[in-house]
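Structure at a glance
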Amino acid sequence: MDIIKERFAEHIALAQHVADSGIMQQVADAAAIIKTALAGGHKVLFCGNGGSAADSQHLAAEFVGRFQKERKGIAGIALTVDTSILTAVANDYGYDRVFSRQVEALGQSGDVLVGISTSGNSKNVLAAIAEAKAKDMKCIGMTAEGGGKMKDECDICIAIPCPVTARAQEMHILIGHIICELVDGE
């Protein structure tokens, strides 16, 4: 029972710390960027590795399906789901290009890329950000403590002030859900 109580206490303390920080303005700004892009007929691309890949898929599903209210589907694409593309690109170009190649093919000026990497240093996420910037797309990052290289490459980098991957990922999905709610309309 002690470990359960400790993890809940860590989660609550981190959530309160994030709520009291400047991150809340970054969340509002990220939602505004996404809303502007969608209003202009653009789309949101999501990418990440491991648990962050699952978060990418989860958030894209909230956009395409629905979040809390009935509405038309929102153009959200997780670049983590097509195994044929992922394995072909990894085989032909290397794993570092699995997301950037998809941004090259699917991204357009005015779209938004949401890259999730707790280290902020995932080479394939950084390559996707570089490709998105070259295509005049906005880039939103979600990372853990420090932000890694992504903090200097994204238009907004939401760096959770915690070095523990699991706690940072818990905040990423909370923040992702808040962004979904803001995009849906308060």
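A few points on the structure. What you are looking at is a predicted structure, and each value in this text was computed from that prediction instead of being measured.

Let's talk about the overall build of the protein
- Assigned secondary structure in the protein consists of 8 helices and 5 strands.
- Reading the protein from its N terminus to its C terminus gives the helix and strand order α-α-β-α-β-α-α-β-α-β-α-β-α.
- In terms of principal-axis extent, the alpha carbons of the protein reach across some 50 × 35 × 30 Å.
- Counting across all 186 residues of the protein, residues that qualify as buried make up 44%.

Looking at a nonpolar patch on the surface
- Where nonpolar side chains cluster on the molecular surface, the patch consists of Met1, Ile3, Ile4, Phe8 and Ile12 and spans about 580 Å² of accessible area.
- Residue position: Ile3 is located in helix α1 (residues 2–19).

Points about the pattern of salt bridges
- The full count for this structure, using the stated rule, is 10 salt bridges.
- In this structure, Arg101 and Glu104 form a salt bridge, with 3.4 Å as the shortest nitrogen-oxygen distance. Residue Arg101 and its partner Glu104 are located together in helix α5 (residues 100–106), separated by 3 residues, close to a single helical turn.
- With relative accessibility at 35%, the residue Glu104 sits in the partly exposed group.
- Each of Glu6, Arg7, Glu10, Arg167 and Glu170 takes part in one network of salt bridges that share partners.

A few points about the packing of α1 against helix α8 (residues 165–184)
- Relative to each other, α1 and α8 sit at 55°, their axes nearing to 10 Å. The orientation of α1 with respect to α8, classified from their angle, is oblique. Where α1 crosses over α8, the handedness of that crossing is right-handed. Of α8, the residues touching α1 (which contributes Arg7, Glu10, His11, Leu14, Ala15 and Val18) are Arg167, Ala168, Glu170 and Met171.
- Split into classes, the residues belonging to the contact of α1 with α8 amount to 5 nonpolar, 1 polar and 4 charged.

A few points about the packing of aromatic side chains
- Scanning all chains against the criterion turns up 1 aromatic pair.
- Ring centres of Phe46 and Phe63 lie 5.6 Å apart, and the angle between their planes is 80°; on these two criteria the pair is classed as edge-to-face. Of this pair, Phe46 sits in strand β1 (residues 44–48) while Phe63 sits in helix α3 (residues 51–64); the two residues are 17 residues apart in sequence, bridging distant segments of the chain.
- The exposure class of Phe46 is buried, given its relative accessible area of 3%.
- A residue is classified by how much of its surface remains accessible, and Phe63, at 2% relative accessible area, is buried.
- One residue, Arg97, lies across the ring of Tyr93, its end atom 5.1 Å from the ring centre.

Description of the sheet that holds strand β2 (residues 76–78)
- Ordered by their spatial adjacency, 5 strands build an open sheet running β2-β1-β3-β4-β5, and the pairing between neighbours is parallel. Strands with a single pairing partner mark the edges of an open sheet, and in this sheet they are β2 and β5 (156–159). Averaged over all pairs of adjacent strands, the angle between strand axes in this sheet comes to 15°, irrespective of strand direction.
- Packed on one face of the sheet, helix α2 (residues 23–39) meets β1, β3 (112–116), β4 (138–143) and β5 and runs near 140° to β5.

Here we look at unusual backbone geometry
- Located in the positive-phi region is Asp136, a residue other than glycine, with phi close to 65°.
- As for its placement among the helices and strands, Asp136 is situated in the loop between α6 (123–134) and β4.
- According to the relative accessible area criterion, Asp136 is exposed, its value standing at 54%.

A few points about the packing of α2 against α8
- Remark: α2 packs on α8, axes separated minimally by 9 Å, with the N-to-C direction vectors making an angle of 45°. Compared by their axis directions, α2 and α8 come out oblique. The two elements α2 and α8 meet at a crossing, and its hand is right-handed. Mapping the contact onto sequence places Ile23, Val27, Ala28, Ala30, Ala31, Ile34, Lys35 and Leu38 in α2 and Ile175, Ile178, Ile179, Leu182 and Val183 in α8.
- A breakdown of the residues in the contact of α2 with α8 according to their chemical character gives 12 nonpolar, no polar and 1 charged.

Procedures and definitions
Residues numbered from 1 in each chain as written. Predicted model: local features only at pLDDT ≥ 70, side-chain atom pairs only at ≥ 80, totals over all residues. Heavy atoms only, no water. Helix = DSSP H or I, 4+ residues; strand = E, 2+ residues; numbered from the N terminus. Buried < 20%, exposed > 50% of the residue type's maximum accessible area, 1.4 Å probe, protein only. Patch = residues over 30% accessible without salt bridge, like charges linked within 9 Å, V, L, I, M, F, W, Y side chains within 5 Å. Areas by Shrake-Rupley, 256 points an atom, 1.4 Å probe, with all protein chains shown as cover. Salt bridge = Lys/Arg side-chain N within 4 Å of Asp/Glu carboxyl O. Axes fitted to C-alpha atoms, helices over the stretch in contact; angles between N-to-C directions. Parallel < 35°, antiparallel > 145°, perpendicular 65-115°, else oblique. Left-handed = near helix turned anticlockwise from the far one by under 90°. Contact = heavy atoms within 4.5 Å. Nonpolar A, V, L, I, M, F, W, Y, C, P; charged D, E, K, R; others polar. Phe/Tyr/Trp six-rings, centres within 6.5 Å; stacked < 30°, edge-to-face > 60°. Lys NZ or Arg CZ within 6 Å of the ring centre and 35° of its normal. Pairing = 2+ DSSP bridges.

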